[in-house]
Amino acid sequence: MTRVVITHGGAGAGKEYSDGTQRAAEKGMEVLRNGGNALDAVVEAIVVLEDDERFNAGTGSYAKLNGEIEMDAALMDSRMQAGGVAAIKRVKNPIRVARCVMETPHVLLVGDGAVEFARMKGFPDYDPMTEKARKRLAEVKEKLKTGDLPPWAEKWKKFVYPGLTGTVGAVAMDETGYYAAGSSTGGTSIMLPGRVGDSPQIGSGLYAGKHGAVTTTGIGEEIIKRVLCKSVYDKIARGMAPQKACEWGVSLFPNEISVGIIAVSKKGVGVASNRDMAHWVIAEE
Ligand code: GLY
């Protein structure tokens, strides 16, 4: 393989969404073919997903219980560069802001500071709210009221209504062997204001190094506790094929916790999930 782009639309986003992940992967591959590097490819692939309101990232992000949308996004590459935003509001493409954070001395900017930074960088005010997000929030509030939540959701009953997670992500390798990983999300479906999941956290929601790139989707609280992407990356670094490493990562979770992982290394590609997960792989020899 010389060039690879893999995209996903979230654990729980079924195959009916794979046209979106295909368009995103094709955009990423077009960037690589035109001389862009793996990081450029990941950013442009994720922008396609953030702009597709069927996915829970950018436009189409889920709202928090106060009705506001706070988004998380991050990038990492195999040169140990990383940048992310968490709980950022009113921008169209959080992944582009994450790319700008990568150029600063910091790794993660949150909340008002992240919004202020975005404006300073010229990102205009944008409302990512959709009818779908409004409807979903109303449904979630109703379920919270009635207690009609799945059995494992004990803390809200246990904080997260499963099957609705839909983070997006991409990994890429270019012909120089440079890797990048990225993720972007509106979070999960039941969230307090200020809640941040795995997606902008290096090691949990994404990781890249000289051996490959990994990103994940699913219930962020559970992914964080398993430092999932670094754990999968470490397996790849020790020689495991990405497919096996992704399957191993998914096996760390009980089935009621939705999770999905994509990865690339010189040894190939990996895609695994315990839910339907719209994704797309383009690999050139
Ligand atoms: N994996 C997305 C989130 O939990 O925020």
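### Observations regarding a nonpolar patch on the surface
On the surface, V107, L108, V110 and I202 cluster together into a nonpolar patch covering about 290 Å² of accessible area. With respect to the element layout, V107 can be found in the loop between α3 (94-102) and β4 (108-110). Residue classification places V107 among the partly exposed positions, given a relative accessible area of 41%.

### Brief notes about the sheet that holds strand β2 (residues 71-77)
Taken together, 7 strands build an open sheet; the order of strands is β4-β3-β2-β6-β5-β1-β11 and the sheet is mixed. The sheet is open, and its two edges are formed by β4 and β11 (277-284), each paired on a single side. Sheet twist, expressed as the mean angle between neighbouring strand axes with direction ignored, is 5°.

### A look at the packing of helix α7 (residues 228-237) against helix α8 (residues 242-251)
Between two packed helices, the angle of one axis relative to the other and the distance separating the axes together describe the packing. Two elements in contact, α7 and α8, have axes whose closest approach is 9 Å; the angle formed by their N-to-C orientations is 145°. Relative to α8, the crossing made by α7 is right-handed. Side by side, α7 and α8 meet where L228, S231, V232, K235 and I236 of the first sit next to P242, A245, C246, W248 and G249 of the second. Along the lines of polarity and charge, the residues of the contact of α7 with α8 split into 7 nonpolar, 2 polar and 1 charged.

### Brief notes about empty space enclosed by the protein
One water molecule sets the probe size; rolling that probe over the atoms shows where empty space is left. Tallying each qualifying case throughout the model produces 1 cavity of 30 Å³ or more. Put simply, the largest cavity is a space of about 40 Å³. Around the largest cavity sit 11 residues that line it, and T167, G187, R195, D198 and G218 are the ones nearest its centre. Residue composition of the lining of the largest cavity, by class: no nonpolar, 9 polar and 2 charged.

### A closer look at the state of the cysteines
Summed over all chains, the structure comprises 0 disulfides. In this model C246 remains outside any disulfide bridge; the closest cysteine sulfur is found in C229, 8.7 Å from its own. Since its relative accessible area comes to 0%, C246 is described here as buried.

### Looking at the pattern of salt bridges
Counted under the stated rule, the structure contains 21 salt bridges. The partner of R119 in a salt bridge is D125, with the nearest N and O atoms 3.3 Å apart. Residue classification places R119 among the partly exposed positions, given a relative accessible area of 31%. Looking at D125, the relative accessible area reads 47%, which means it is partly exposed. Each of R3, R33, E175 and E284 takes part in salt bridges that share partners, so that together they form one network.

Parameters and conventions
- Residues numbered from 1 in each chain as written.
- Predicted model: local features only at pLDDT ≥ 70, side-chain atom pairs only at ≥ 80, totals over all residues.
- Heavy atoms only, no water.
- Patch = residues over 30% accessible without salt bridge, like charges linked within 9 Å, V, L, I, M, F, W, Y side chains within 5 Å.
- Areas by Shrake-Rupley, 256 points an atom, 1.4 Å probe, with all protein chains shown as cover.
- Salt bridge = Lys/Arg side-chain N within 4 Å of Asp/Glu carboxyl O.
- Helix = DSSP H or I, 4+ residues; strand = E, 2+ residues; numbered from the N terminus.
- Buried < 20%, exposed > 50% of the residue type's maximum accessible area, 1.4 Å probe, protein only.
- Pairing = 2+ DSSP bridges.
- Axes fitted to C-alpha atoms, helices over the stretch in contact; angles between N-to-C directions.
- Left-handed = near helix turned anticlockwise from the far one by under 90°.
- Contact = heavy atoms within 4.5 Å.
- Nonpolar A, V, L, I, M, F, W, Y, C, P; charged D, E, K, R; others polar.
- 1 Å grid on protein atoms, 1.4 Å probe; cavity = no way out; pocket = protein on both sides within 12 Å on 5 of 7 lines; lining within 4 Å.
- Points joined across faces, edges and corners; volume = space filled by probe spheres on them.
- Disulfide = S-S within 2.5 Å.

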